[in-house]
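# Residue-level structure breakdown
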Amino acid sequence: MSLLAAFMVFFMIMDPLGNIPLFLAALRTTPPERRQWVILRECLIAFTVMVAFLFGGPALLDLLHIEGGALEAAGGVILLLIAIRMVFPTPERNLREGGTADLGEPFIVPLAVPYVAGPSLLAMEVVLISQNFDAWPIYLGALALAWASTTVILYASGFLLRVMGERTLVAMERLMGMILVILAIQMMLNGSKSFFIGA
């Protein structure tokens, strides 16, 4: 997978546009002068978690003796589930694995994990790097770019919500979901092809 393709996958799974209302809701009780600092801190924590999984996840899969074809097919299933939730969000929980934030200033949960570094993203990292560990510089670069783009968007979350409006953000989120559906189906087909050819 190329740097651009990996960046797009990571960026769409992080879903910064969909996270804007969630971040603002979680920070509603945080003093306004601290909100930007909290966003930066939580995004840095999320990046640390993502890098840890990028390099530590494959060891677990080697221990479980999981083959490349199964990994790619599993990655396609994960992407498809994410995409379906993006295109058809539920009223109770829009896109994210986590629930509502507790009162007070959030720390790690839910902003860093799971809003930015969610289980879906961490699983996708492991899937990609396990298929080709030699390409780790590409995946690390793509992850850093996606994280930086996400951080910038979330840092400006209040401004973007006022300018674009929630309906525009939802429309863009669903468009990204449709793109992810195509990527997911391709990954599932590639994984199935690898399994049957190798069998």
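Everything discussed here concerns the structure shown above.
The rules behind each value
- Residues numbered from 1 in each chain as written.
- Predicted model: local features only at pLDDT ≥ 70, side-chain atom pairs only at ≥ 80, totals over all residues.
- Heavy atoms only, no water.
- Helix = DSSP H or I, 4+ residues; strand = E, 2+ residues; numbered from the N terminus.
- Buried < 20%, exposed > 50% of the residue type's maximum accessible area, 1.4 Å probe, protein only.
- Contact = heavy atoms within 4.5 Å.
- Areas by Shrake-Rupley, 256 points an atom, 1.4 Å probe, with all protein chains shown as cover.
- Core = buried A, V, L, I, M, F, W, Y, C linked by side-chain atoms within 4.5 Å.
- Phe/Tyr/Trp six-rings, centres within 6.5 Å; stacked < 30°, edge-to-face > 60°.
- Salt bridge = Lys/Arg side-chain N within 4 Å of Asp/Glu carboxyl O.
- Axes fitted to C-alpha atoms, helices over the stretch in contact; angles between N-to-C directions.
- Parallel < 35°, antiparallel > 145°, perpendicular 65-115°, else oblique.
- Left-handed = near helix turned anticlockwise from the far one by under 90°.
- 1 Å grid on protein atoms, 1.4 Å probe; cavity = no way out; pocket = protein on both sides within 12 Å on 5 of 7 lines; lining within 4 Å.
- Points joined across faces, edges and corners; volume = space filled by probe spheres on them.
- Nonpolar A, V, L, I, M, F, W, Y, C, P; charged D, E, K, R; others polar.

Let's shift gears to the overall build of the chain. Secondary structure summary: the chain contains 9 helices and 0 strands in total. Ordered by position from N to C terminus, the α and β elements of the chain give α-α-α-α-α-α-α-α-α. Burial analysis of the chain (199 residues in total) assigns 41% to the buried set. Across the chain, every contact between residues at least 6 apart in sequence was considered, and the portion connecting residues at least 24 apart equals 87%. Summed over its atoms, the accessible surface of the chain is roughly 10,200 Å², and 71% of this surface lies on carbon and sulfur atoms.

In a soluble, globular protein the nonpolar side chains are often hidden away together inside. Membership of the largest hydrophobic core comes to 48 residues, with the highest contact counts inside it found for F10, M14, M50, L79 and M124. For this core, the secondary-structure elements that each account for two or more residues are α1 (3-14), α2 (16-26), α3 (32-64), α4 (68-87), α5 (111-116), α6 (119-131), α7 (136-155) and α9 (166-198). Ranked by residue count, the leading element in this core is α1, at 8 residues. The residues contacting M124, other than those within four sequence positions of it, are V9, F10, I13, G75, I78, L79 and M187.

The next point concerns the packing of aromatic side chains. Applying the stated criterion across every chain, the model contains 4 aromatic pairs. Ring plane angle 35° and centroid distance 4.8 Å describe the contact between F47 and W147, whose orientation is recorded as tilted. Placement of F47 in helix α3 and of W147 in helix α7 is noted, with a sequence separation of 100 residues between them. Ring geometry for F55 versus W136: centroids 5.5 Å apart, planes at 65°, classification edge-to-face. Residue F55 is located in helix α3, and its partner W136 is located in helix α7; the two are separated by 81 residues in the primary sequence.

A few words on the pattern of salt bridges. Two side chains of opposite charge can pair, provided their charged atoms sit close to one another. Across all of its chains, the model carries 3 salt bridges by this definition. A salt bridge links R34 to E105; its shortest N-O distance comes to 2.7 Å. With R34 in helix α3 and E105 in the loop between α4 and α5, this pair connects stretches of sequence that are 71 residues apart. Taking relative accessible area as the criterion, E105 reaches 34% and is therefore assigned partly exposed. Here R41 ties to E105 by a salt bridge, and the two come within 3.0 Å at their closest N and O atoms.

What follows deals with the side chain of E125. Position of E125 among the secondary structure elements: in helix α6. On the accessibility criterion, E125 (0% relative accessible area) is buried.

Turning next to unusual backbone geometry. The residue after V109, namely P110, is reached through a cis peptide bond having omega 5°. As for its position among the elements, P110 is in the loop between α4 and α5. The backbone of D15 sits at a positive phi, close to 50°, despite the residue not being glycine. With respect to the helices and strands, the residue D15 is situated in the loop between α1 and α2. Phi is positive for I108, close to 70°, though the residue is something other than glycine.

This part takes up the packing of α1 against α6. Running from amino to carboxyl end, α1 crosses α6 at an angle of 160°, the nearest separation of the two axes being 9 Å. On the basis of their axis angle, the class for α1 and α6 is roughly antiparallel. In terms of crossing hand, the pair formed by α1 and α6 is right-handed. Along the contact surface, α1 presents V9, F10, I13 and M14, while α6 presents S120, L121, M124, E125 and L128.

So, on to the layout of surface pockets. A volume near 170 Å³ is recorded for the largest pocket. For the largest pocket, the lining is made up of 13 residues, of which M1, E72, L128, M187 and N190 are closest to its centre. At the level of elements, α1, α4, α6 and α9 are the ones that each hand at least two residues to the lining of the largest pocket. Here the element with the most residues in the lining of the largest pocket is α9; it accounts for 4 residues. Considered class by class, the residues forming the lining of the largest pocket number 8 nonpolar, 4 polar and 1 charged.

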